[in-house]
Protein chains: 2
Amino acid sequence: MNRVVDPIIILVQPQLGENIGAAARAMLNCGLTRLRIVNPRDGWPNSKAVRSSSGAESIIYNAGIYKTLLEALSDLNFTVACTSRKRNLRKKQFNIDDALNQYFDNSLKIGQWGIIFGSESSGLKNEDLDYSDVLLSIPSNESFGSFNLSHAVLIICFHWMRKIKELSSIVKDNVIDKDYLLASKSDLSGFFLQLENELEKGGFLYPPEKAPKMIKNLRAIFLRSKLSKKEVKTLRGVINALKRSGMSL
Amino acid sequence: MNRVVDPIIILVQPQLGENIGAAARAMLNCGLTRLRIVNPRDGWPNSKAVRSSSGAESIIYNAGIYKTLLEALSDLNFTVACTSRKRNLRKKQFNIDDALNQYFDNSLKIGQWGIIFGSESSGLKNEDLDYSDVLLSIPSNESFGSFNLSHAVLIICFHWMRKIKELSSIVKDNVIDKDYLLASKSDLSGFFLQLENELEKGGFLYPPEKAPKMIKNLRAIFLRSKLSKKEVKTLRGVINALKRSGMSL
């Protein structure tokens, strides 16, 4: 692989076909082609999406359709969630300038990555962010900050295109570094479920009403540490070792 | 006036109300509020425009509606025309980076200005550019470069918003300088018509089939010279003086 990896655009529960099509058109305007859609409200295929893509139909026809966000993310190594709301989560929250200037430069060797957008009415829910590595917000008029879905997609794709152009004059041979490869989201998911299952058994997730928040905080810790595939394997071994250790008591 | 002057957005013969509304929303997302529309295809008012503005209705209700582009421009001192096509005109053609980095910095004291967008189907015609000072193109995927109308408006407005934020930390008191004030488009129009009328009488615009091209070239020369109000007055005096000079022969 001798070029920077383009992101996959992921729309979570989009409502209007027109917006899906307009987002596809915006993607292609900026040279991006891979679209995934989680649980589109009006079903799939969607003729309005085809029509409003205005020539970018191939993106619509080739879009991956998923039932859950986790399925749509499972083979990705890194994800960026777009959200305008301030979140009380221990995740890095960038605006687009910071992201492009300080972050993306360093994140070009992380493997396959995606950018996640929420629905028109409500954006992304907190639980949609469970597997996101960083949050990204788009600067706007403070008193009127809600962008149309395809507009949000356009702004991010447009900035990506320009950044890539800038970088391509610097980075000649951008090869993915295996040692640097982050764990895939399905690797992480397997690890999380094992950990949480064992914690449940061990009575750690108590009282039950606090369990979701405790799980969220734990996951955030491991996401921040940017685990590699090998490290996840190691941690799963750690869980087993700790269990064995307990058995001998 | 103690701040940079925000541009007026001008849509020439827009077709779909949805796009007009989405453009208004994009404007307000970026803190811009003044919209002018030339000859909207589906008439005015347009309920689809109101609906798709999603909270930016005030821009739609306050939009100025004009029959011709010249009327919409007549009180402006400077105009930027957005076009993706390469034009064989002697006008400066910037892409958005050049414009923001090299040009807008110097053009903040020029008075009232506007940014012009063409229709969805065909963009701006060559004659729409007669009163434009510079052309602006939006970078894109070379093999799929046609942006949705509201997307084009968004990109320009978004970049303007960010530029202004950057500048506002530098420019504290940006007062319009009267000595630097460009002639209004109606000043220019009066001058052009006087000049062309006299040239016609003088047999300069010959043969007739070449007249439109000759006029276009002449206008482009004067536009490039960025005439002030006072200079236009001087040039109109020059025309009269030359005529008088001829009479005495």
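Anything mentioned here points back to the structure above.
Read on for an overview of the structure.

Rules of the game
Residues numbered from 1 in each chain as written. Chains lettered and ligands numbered in written order. Predicted model: local features only at pLDDT ≥ 70, side-chain atom pairs only at ≥ 80, totals over all residues. Heavy atoms only, no water. Buried < 20%, exposed > 50% of the residue type's maximum accessible area, 1.4 Å probe, protein only. Helix = DSSP H or I, 4+ residues; strand = E, 2+ residues; numbered from the N terminus. Pairing = 2+ DSSP bridges. Least-squares fit on C-alpha atoms with pLDDT ≥ 70 in both. Contact = heavy atoms within 4.5 Å. Buried area = accessible area lost by both parts, 1.4 Å probe. Polar contact = N/O pair within 3.5 Å; in protein donor to acceptor, adjacent residues only side chain to side chain. Nonpolar A, V, L, I, M, F, W, Y, C, P; charged D, E, K, R; others polar. Axes fitted to C-alpha atoms, helices over the stretch in contact; angles between N-to-C directions. Expected span 1.5 Å × (residues − 1). 1 Å grid on protein atoms, 1.4 Å probe; cavity = no way out; pocket = protein on both sides within 12 Å on 5 of 7 lines; lining within 4 Å. Points joined across faces, edges and corners; volume = space filled by probe spheres on them. Salt bridge = Lys/Arg side-chain N within 4 Å of Asp/Glu carboxyl O. Phe/Tyr/Trp six-rings, centres within 6.5 Å; stacked < 30°, edge-to-face > 60°. Parallel < 35°, antiparallel > 145°, perpendicular 65-115°, else oblique. Left-handed = near helix turned anticlockwise from the far one by under 90°.

### Concerning the pairing of strand β1 (residues 8-12) of chain A
Residues and elements named next belong to chain A. Burial runs high along β1: five of the five residues are buried. Burial along β1 is two-sided: Ile8, Ile10 and Val12 and Ile9 and Leu11, pointing in opposite directions, are all buried. Bridging between β1 and strand β6 (residues 113-117) involves four bridges; their strand directions are parallel. Residue pairing across strands places Ile10 opposite Ile116, the latter belonging to β6. Here four bridges tie β1 to strand β2 (residues 35-38), and the two strands are oriented parallel to one another. Note that in β2 the partner of Ile10 across the bridge is Arg36.

### What about the relation of the copies chain A and chain B?
Least-squares fitting of chain A to chain B yields an RMSD of 0.1 Å, with the transformation described by 0.0 Å of translation along the axis and a rotation of 180 degrees. Taken together, the rotation angle and the small translation identify this as a two-fold axis. Comparing contact sets, 100% of the residues at the interface of chain A also lie at the interface in chain B, consistent with an isologous, same-surface contact.

### Side note on the interface of chain A and chain B
Counting from both sides, the interface comprises 30 residues of chain A and, opposite them, 30 residues of chain B. Summed over both sides, the interface of chain A with chain B buries roughly 2400 Å², with 58% coming from carbon and sulfur. For chain A, the biggest contributors to the area lost against chain B are Asn29, Phe144 and His151 of chain A; these three give 28% of the whole. Seen at the junction of chain A and chain B, the total is 16 residue pairs in polar contact (both at pLDDT 80 or more). When residues of the side of chain A that touches chain B are assigned to their parent elements, the largest contribution, eight residues, is made by helix α6 (residues 149-168) of chain A. Of the residues contributing to the side of chain A that touches chain B, the split by class is 14 nonpolar, 13 polar and three charged.

### Let's talk about the sheet that holds β6 of chain A
Residue and element names in this part refer to chain A. Read from one edge to the other, the open sheet built from seven strands follows the order β3-β2-β1-β6-β4-β7-β5, with strand pairing classed as parallel. The strands lining the two open edges of the sheet, one partner per strand, are β3 (64-66) and β5 (92-95). Neighbour to neighbour, the strand axes of the sheet diverge by 25 degrees on average, direction disregarded. Bridge analysis of β5 against strand β7 (residues 134-137) gives four bridges, and the strand direction is parallel.

### Some remarks on helix α7 (residues 185-201) of chain A
All names here are of chain A. An ideal rise of 1.5 Å per residue puts 24 Å on 17 residues; α7 measures up with 24 Å between its terminal C-alpha atoms. Of the residues making up α7, those classed as buried are Lys185, Leu188, Ser189, Phe191, Phe192, Gln194, Leu195, Glu196, Glu198 and Leu199. Where α7 is buried, its residues contact α4 (69-73), β4 (78-82), α8 (211-224) and α9 (229-247). Backbone geometry just downstream of α7 places Gly203 in the positive-phi region, at approximately 75 degrees.

### Brief notes about the layout of surface pockets
The space that makes up the largest pocket amounts to roughly 1200 Å³. Lining the largest pocket are 47 residues, and of these Arg25 of chain A together with Asn19, Asn148, Leu149 and Ser150 of chain B lie nearest its centre. The set of elements that each furnish at least two residues to the lining of the largest pocket consists of α1 (17-29), α2 (47-52) and α6 of chain A together with α1 (17-29), β7 (134-137) and α6 (149-168) of chain B. Tallied by class, the residues present in the lining of the largest pocket amount to 14 nonpolar, 23 polar and 10 charged.

### A short note on the pattern of salt bridges
Within the structure shown, the criterion is met by 18 salt bridges over all chains. Residue Asp187 of chain A is joined to Lys229 of chain A by a salt bridge in which the shortest nitrogen-to-oxygen separation is 2.9 Å. Taken together, the residues span a long stretch of sequence, with Asp187 of chain A in helix α7 and Lys229 of chain A in helix α9 at a distance of 42 residues. Glu198 of chain B is the salt-bridge partner of Lys243 of chain B, the closest N and O atoms lying 3.2 Å from each other. Here Lys243 of chain B is found in helix α9 (residues 229-247), whereas its partner Glu198 of chain B is found in helix α7 (residues 185-201), with 45 residues between them in sequence. Note on Lys243 of chain B: relative accessible area 31%, which makes it partly exposed. Through salt bridges with shared partners, a single network forms among Asp130, Glu196, Lys216 and Arg219 of chain A.

### Concerning the packing of aromatic side chains
All names here are of chain A. Taken as a whole, this structure holds 10 aromatic pairs over all chains when the rule is applied. Geometrically, the ring pair formed by Phe191 and Phe192 is tilted, given 5.8 Å between the ring centres and 40 degrees between the ring planes. Residue Phe191 shares its accessibility class with Phe192, and that shared class is buried.

### With respect to unusual backbone geometry
With an omega of 0 degrees, the peptide bond between Trp44 of chain A and Pro45 of chain A qualifies as cis. With respect to the helices, strands and loops of the structure, Pro45 of chain A is situated in the loop between β2 and α2. In the segment running from Tyr206 of chain B into Pro207 of chain B, the intervening peptide bond is cis, with an omega of 0 degrees. Its location among the elements puts Pro207 of chain B in the loop between α7 and α8 (211-224).

### Section: the packing of α7 of chain B against α8 of chain B
Helix-helix packing is characterised by the crossing angle of the two axes and by the distance between the axes. Residues and elements named next belong to chain B. Viewed as axis vectors pointing N to C, α7 and α8 meet at an angle of 140 degrees, and their least axial separation amounts to 11 Å. In terms of axis orientation, α7 runs oblique to α8. Read as a crossing pair, α7 and α8 show a hand that is right-handed. Of the residues in α8, those touching α7 at Lys185, Leu188, Phe191, Phe192, Leu193, Leu195, Glu196 and Leu199 are Ile215, Leu218, Arg219, Phe222 and Leu223. Classifying every residue of the contact of α7 with α8 by side-chain character gives 10 nonpolar, no polar and three charged.

### What about the packing of α7 of chain A against α9 of chain A?
Residue and element names in this part refer to chain A. Across the interface, α7 lies against α9 with an axial gap of 10 Å and an inter-helix angle of 15 degrees. Taken together, the axes of α7 and α9 lie roughly parallel to each other. Note on packing geometry: the crossing formed by α7 with α9 is left-handed. Contact residues: Asp187, Leu188, Gly190, Phe191, Gln194, Leu195, Glu198 and Lys201 in α7; Lys229, Val232, Leu235, Arg236, Ile239, Asn240 and Lys243 in α9.

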